[in-house]
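What follows is each chain in one-letter form.
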Amino acid sequence: GALRFDNLALRSLPVDASEDGGPRAVPGACFSRVRPSPLQNPRLVAMSLPALALLGLEAPAADREAAEAEAAQYFSGNRLLAGSEPAAHCYCGHQFGSFAGQLGDGAAMYLGEVLGSRGERWEIQLKGAGLTPFSRQADGRKVLRSSIREFLCSEAMFHLGIPTTRAGTCVTSDSKVVRDIFYDGNPKNERCTVVLRIASTFIRFGSFEIFKPTDEYTGRKGPSVNRNDIRIQMLDYVISTFYPEIQEAYSDNSIQRNAAFFKEITKRTARLVAEWQCVGFCHGVLNTDNMSIVGLTIDYGPFGFMDRYDPEHICNGSDNTGRYAYNKQPEICKWNLGKLAEALVPELPLEISELILEEEYDAEFEKHYLQKMRKKLGLIQLELEEDSKLVSELLETMHLTGGDFTNIFYLLSSFSVDSDPSKLEDFLEKLTSQCASVEELKVAFKPQMDPRQLSMMLMLAQSNPQLFALIGTKANINKELERIEQFSKLQQLTTADLLSRNKRHWKEWLEKYRVRLQKEIESVSDADAWNTDRVKVMNSNNPKYILRNYIAQNAIEAAENGDFSEVRNVLKLLENPFQEAEGFREVKEDAEEEGATATVAACAQETRSRLPYCSKPPLWASELCVT
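Calculation criteria
- Residues numbered from 1 in each chain as written.
- Predicted model: local features only at pLDDT ≥ 70, side-chain atom pairs only at ≥ 80, totals over all residues.
- Heavy atoms only, no water.
- 1 Å grid on protein atoms, 1.4 Å probe; cavity = no way out; pocket = protein on both sides within 12 Å on 5 of 7 lines; lining within 4 Å.
- Points joined across faces, edges and corners; volume = space filled by probe spheres on them.
- Nonpolar A, V, L, I, M, F, W, Y, C, P; charged D, E, K, R; others polar.
- Core = buried A, V, L, I, M, F, W, Y, C linked by side-chain atoms within 4.5 Å.
- Buried < 20%, exposed > 50% of the residue type's maximum accessible area, 1.4 Å probe, protein only.
- Helix = DSSP H or I, 4+ residues; strand = E, 2+ residues; numbered from the N terminus.
- Domains from an automatic or database assignment.
- Polar contact = N/O pair within 3.5 Å; in protein donor to acceptor, adjacent residues only side chain to side chain.
- Contact = heavy atoms within 4.5 Å.
- Expected span 1.5 Å × (residues − 1).
- Axes fitted to C-alpha atoms, helices over the stretch in contact; angles between N-to-C directions.
- Parallel < 35°, antiparallel > 145°, perpendicular 65-115°, else oblique.
- Left-handed = near helix turned anticlockwise from the far one by under 90°.
- Phe/Tyr/Trp six-rings, centres within 6.5 Å; stacked < 30°, edge-to-face > 60°.
- Disulfide = S-S within 2.5 Å.

So, about empty space enclosed by the protein. In the structure shown here, the tally under the stated rule is four cavities of 30 Å³ or more. Size it by volume and the largest cavity reaches roughly 40 Å³. Taken together, Ala-9, Phe-31, His-89, Asp-105, Glu-123, Gln-125, Thr-201, Phe-202 and Ile-203 form the lining of the largest cavity. Its residues placed into classes, the lining of the largest cavity shows four nonpolar, three polar and two charged.

Rendered as structure tokens:
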């Protein structure tokens, strides 16, 4: 009742006059009015107090149960908040590189904008609240597993210091929908669940694509072709509301103003993706409709934090071509900015925006990425040209040894610069315990094609290249051949050989790292003070805890059985990703120092919940597939 709504977006942008709530084209409008569909017996799975505090909501001092029941009513959409005006936003998008036409909020509903205590403005949304004109063939619902993942990851990213939309609550219910999780003909009933999302705005690149004329490849067009008047309204609204300093500086020249806006969103996007790369985060669906106009991480679907370092890691099980693989994210975000540039014509001529994109994006990405990597490596004193090579060689060593991306970085702060052989040996033991075992590598390199299918594809590539190009790619075939070769080598590899090889690789890189740290020491007067600072910087840039898929899966399975405590535990843990979490260790973590890798593997077989949250994933986690 205390929430103060001021729904500026609906006053500033055109709202569809039609009351028809069914799926349809929505021309000449940015929003359509909608009503959330009620759920049976809504109940709170979890709430993020830091996120709710943005709206001025606090933890109840007394009768928490009643407060949770009330939150479940309002944040499921069963009851409407006074002052809210539910609406669905219209946008288009390039999905996997092809223009898809009208998309829009098919399951999310804008409730309105809440004014915070310091005058800041927060748009709040219910995701999974029912049908909208943009639901297409879907039902406007989200389920428990995807909602828990979005809820936890929104908050995890915020506490990692990465720009993101927030999640206030996760509310489930007894209402059910049918979902075929892996698109394999095995549908099941799942609980309808709603997430309260919070951000300054949910406007995205695709919001400006509603004006796109018929696409020459897909034949699709935006619903508001030739409505440049609305494009001008949108630019005025976005820039004056979210980039006020730009509006102020260029109030009398709209082309210069729009160019300054495009330059700023280009730089923000470059910095955002650099942050992702530095924590091993893969978004999974970097379509233009999933790119925020203010540079936030938005729309958490089949995302994943990388475990074993693999530059070609694909987190989305339905990304068959690897378009959105980890190492492709920087170039894809740049491609998406190119599509935004096209969508701003004629209000920003393409020759201006393309020049901005070429001049700003790569330079900003490289600069921010290297700055962040220096902090992760504790290079706090000097900025040397060779640092970029040191980072590349570290990642190459991680790749060669199957190193756990998060845990290797976390361990580096305990590396001792002095060249005491026994200390080095101890450290190598720790590092190699975070590298992939022979069993893990066999799972990772297991051939994925039927040998007969592969043989047929190879013959086809020779005899009919045109037909081959339609059904397969050379890169996929080469990857499969590489997998077969690696898998064959692994059959002969012993654990002792692997360990010795990994130690050799790490020893080579650590020597280069030690030389670089030595240069830092030579440039300071107090080596002890420098080392204290180095460790402090590293420990605030290298998380101990991330939302690994197996951690999310454990929480989901418990919640699907009616136990929400694990979701709440994981949320609490992710609020302090850089610190040792007391009371969160199911297994003594010094076990790894006793060489208990085998014990950990045995634990994973025995039960899914015994591993420490900072452990590299158990073997069963490699079977998890998120689509």
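This paragraph deals with the nonpolar core. Formed by 161 residues in total, the largest nonpolar core has its most connected members in Phe-208, Phe-262, Leu-377, Leu-412, Tyr-513 and Leu-547. When residues in this core are grouped by element, the largest group, twelve residues, is from helix α7 (residues 254-279). Split by domain, the residues of this core number at least three in each of domain 1 (8-242) and domain 2 (395-442 + 492-540).

Locating Glu-113 in the fold gives a position in strand β6 (residues 108-115). Of the residues examined, Glu-113 reaches a relative accessible area of 1% and is grouped as buried. At 3.1 Å, the side chain of Glu-113 forms a polar contact with the backbone nitrogen of Leu-8. A polar atom in the side chain of Glu-113 sits 2.8 Å from the backbone nitrogen of Ala-9. For Glu-113, the contacting residues outside a window of four places in its chain are Arg-4, Phe-5, Asp-6, Asn-7, Leu-8, Ala-9, Arg-121, Trp-122, Glu-123 and Tyr-237.

The next subject is unusual backbone geometry. The omega angle of the peptide bond from Val-345 to Pro-346 is 10°, so this bond is cis rather than trans. In the Ramachandran plot, Arg-136 falls in the positive-phi region, its phi being about 50° despite a non-glycine side chain. Looking at where Arg-136 falls in the secondary structure, it is placed in the loop between β7 (121-127) and β8 (142-143). On the basis of relative accessibility, which here comes to 45%, the residue Arg-136 falls in the partly exposed class. One non-glycine residue with positive phi stands out, namely Asn-226, at about 70°. Tracing the sequence through the fold places Asn-226 in the loop between β10 (188-199) and α5 (228-242). By relative accessible area, Asn-226 is classed as exposed at 72%.

Helix length check: helix α4 (residues 144-159), at 16 residues, gives a terminal C-alpha distance of 23 Å against a target of 22 Å (1.5 Å per residue), a fit within 8%. The element α4 is largely enclosed, with a buried count of 13 among its 16 residues. With its phi angle positive at about 85°, Gly-161 sits one or two positions after the end of α4.

When you line up the elements, Gln-381 lands in the loop between α9 (350-376) and α10 (387-401). For the pair Gln-381 and Ser-84, spaced 297 residues apart in sequence, the C-alpha separation works out to 51 Å. Not counting residues within four places of it along the chain, the set of residues in contact with Gln-381 comprises Glu-520, Ser-523, Val-524 and Trp-530.

Time to look at the domain arrangement of the chain. Parsing the chain into structural domains produces domain 1 (8-242) and domain 2 (395-442 + 492-540). Taken over C-alpha atoms, the centre of domain 1 sits 44 Å from the centre of domain 2.

Let's shift gears to the packing of α7 against helix α8 (residues 329-343). It is the contact of α7 with α8, at a shortest axis distance of 10 Å, that shows an interaxial angle of 160°. Relative to α8, the element α7 lies roughly antiparallel. The handedness of the crossing between α7 and α8 is right-handed. Residues Phe-262, Ile-265, Thr-266, Thr-269, Val-273, Trp-276 and Gln-277 of α7 form the contact with α8, whose participating residues are Gln-329, Pro-330, Cys-333, Leu-337, Leu-340 and Ala-341. A per-class count over the contact of α7 with α8 returns nine nonpolar, four polar and no charged.

Now for the packing of aromatic side chains. Across all of its chains, the model carries 18 aromatic pairs by this definition. Aromatic side chains Phe-31 and Tyr-110 sit 5.3 Å apart centroid to centroid with 50° between the ring planes, which places their arrangement in the tilted category. Of this pair, Phe-31 sits in strand β1 (residues 31-33) while Tyr-110 is found in strand β6, placing the two residues 79 residues apart along the sequence. By the burial criterion, Phe-31 is buried, and Tyr-110 matches it. Centroid distance Tyr-550 to Trp-620: 6.2 Å. Interplanar angle 90°. Geometry classified as edge-to-face. Of this pair, Tyr-550 sits in helix α19 (residues 549-560) while Trp-620 sits in the segment after α21 (597-606), and the two are 70 residues apart along the sequence. You'll find Tyr-550 and Trp-620 in the same group, each marked buried.

Turning next to the state of the cysteines. In this structure the tally under the stated criterion is zero disulfides. Looking at Cys-170, it has no disulfide partner, and the nearest cysteine sulfur is the one in Cys-192, 12 Å off. For Cys-170, a relative accessible area of 0% gives the class buried. Its sulfur unpaired, Cys-315 is 4.7 Å from the next cysteine sulfur, which belongs to Cys-282. Overall, the relative accessible area of 9% leaves Cys-315 in the buried class.

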